[in-house]
Amino acid sequence: MLKKSSIISLLLVFCLLQGLQAQTFRPIKGWPNEVNDKLESFLNSTITMKERKVSVFDCDGTTFGQVPHYLADEALYLYADEVLKPRNDKDAKEKLAILDRMVKDGDNVGKPYVEDRVHFLAGLTPEEIELIGENCYRKSYQGKFYPEMKELIANLKEYGFEVWILTASPELLYQKFVADELGISTINVVGAKCVVENGKTTGEIIPPIPQDDGKAFSIETFIKARPLIVGGNSRGDLDMLNESVGLKIVVN
């Protein structure tokens, strides 16, 4: 009986060691040794944690490059050129008027501007909006996801982290191509949300919008856990960065 108990104990220890060894940090190419060392040390410190391990990142400019425009804007311009401008109906004119208002506003990180992106897409199905985002990505932004961020996210998955993306861009416009590129669920890509009614999107926005302080509120509202790691690239990410109870990563 004692012998059997000892064997079971040894097996448990072996399984535990195997689990620990399975979580191996892979240095991120192009990042300084001190950054990689800090990341590895932090991730190793989370191995025995039992609670949810959450990481949250901004999208535009943090996970992929935005040149010369934000994809969220370029996708709307492209749709307007290809679909709306050849038409002369009331709906097309109203949508083009929204686009004109956005261009005159010019503050593409301001909440009125962010809301107008949603208003512009209202009336389309979620699938149509998803396709608009996908087409723009394939046309102008494919290959612009930062390999370093992909390596970081691969490490986080290795250590059992949930990876969430917060963007002020319309959620339905970004979900598919971002989820596909980063290997995460579309549910984990949170953006500006709207009510969908009878299979079509509306202009009714579901708060909070993940912009400025809304990014912090979105973590509490939609993710429902304090993140251990938060990454961003601009002042608009400051409130979100301050939600981190662990590492704060600023992407240059």
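All values derive from a computational prediction rather than experimental measurement.

Chemist: Describe unusual backbone geometry, with residues and values.
Modeler: Going from Pro207 to Pro208, the amide bond is cis rather than trans, its omega being 0°. Positionally, Pro208 belongs in the loop between strand 4 (200-206) and helix 9 (213-223). Backbone geometry places Asp212, a non-glycine residue, at a positive phi of 55°. Position of Asp212 among the secondary structure elements: in the loop between strand 4 and helix 9. Here the phi dihedral of Lys224 falls at roughly 65°; this positive angle occurs in a residue that is not glycine. Relative to the elements of secondary structure, Lys224 occurs in the loop between helix 9 and strand 5 (229-232). Given a relative accessible area of 60%, Lys224 falls into the exposed group.

Chemist: Which residues make up the sheet that holds strand 6 (residues 247-250), and what are the values?
Modeler: Paired through backbone hydrogen bonds, the strands of a sheet run either parallel or antiparallel to each other. With mixed pairing, six strands are arranged side by side in an open sheet as 4-3-2-1-5-6. Every other strand in the sheet has two partners, leaving strand 4 and strand 6 as the edge strands with one partner each. Adjacent strand axes in the sheet meet at a mean angle of 35°, parallel and antiparallel pairs treated alike. In terms of strand pairing, strand 1 (residues 54-58) meets strand 5 through three bridges, oriented parallel. Its bridge partner being in strand 5, Ser55 is matched across the sheet by Ile229. In this fold helix 8 (residues 171-182) packs onto strand 2 (162-170), strand 3 (189-197) and strand 4, with an angle of close to 145° to the strand it touches most, strand 2.

Chemist: Now, about the environment of Gly214: what can you tell me, with residues and values included?
Modeler: The residue Gly214 is located in helix 9 in this model. A residue is classified by how much of its surface remains accessible, and Gly214, at 2% relative accessible area, is buried. If near-sequence neighbours (up to four positions away) are discounted, Gly214 is found in contact with Lys111, Pro208 and Ile209.

Chemist: Give me the lowdown on the nonpolar core, citing residues and values where you can.
Modeler: Judged by nonpolar contacts, the single largest core of 52 residues is most densely connected at Phe57, Leu71, Phe120, Tyr174, Val178 and Ile229. Here the element with the most residues in this core is helix 3 (residues 71-84); it accounts for eight residues. If we skip the residues at most four places from it in the chain, Ile229 touches Phe42, Leu43, Val54, Ser55, Val56, Phe57, Leu156, Phe161, Ser244, Leu247 and Ile249. Ile219, Ile223, Met240 and Leu241 belong to the second largest nonpolar core, which has 11 residues in total.

Thresholds, definitions, all that
- Residues numbered from 1 in each chain as written.
- Predicted model: local features only at pLDDT ≥ 70, side-chain atom pairs only at ≥ 80, totals over all residues.
- Heavy atoms only, no water.
- Helix = DSSP H or I, 4+ residues; strand = E, 2+ residues; numbered from the N terminus.
- Buried < 20%, exposed > 50% of the residue type's maximum accessible area, 1.4 Å probe, protein only.
- Pairing = 2+ DSSP bridges.
- Axes fitted to C-alpha atoms, helices over the stretch in contact; angles between N-to-C directions.
- Contact = heavy atoms within 4.5 Å.
- Core = buried A, V, L, I, M, F, W, Y, C linked by side-chain atoms within 4.5 Å.

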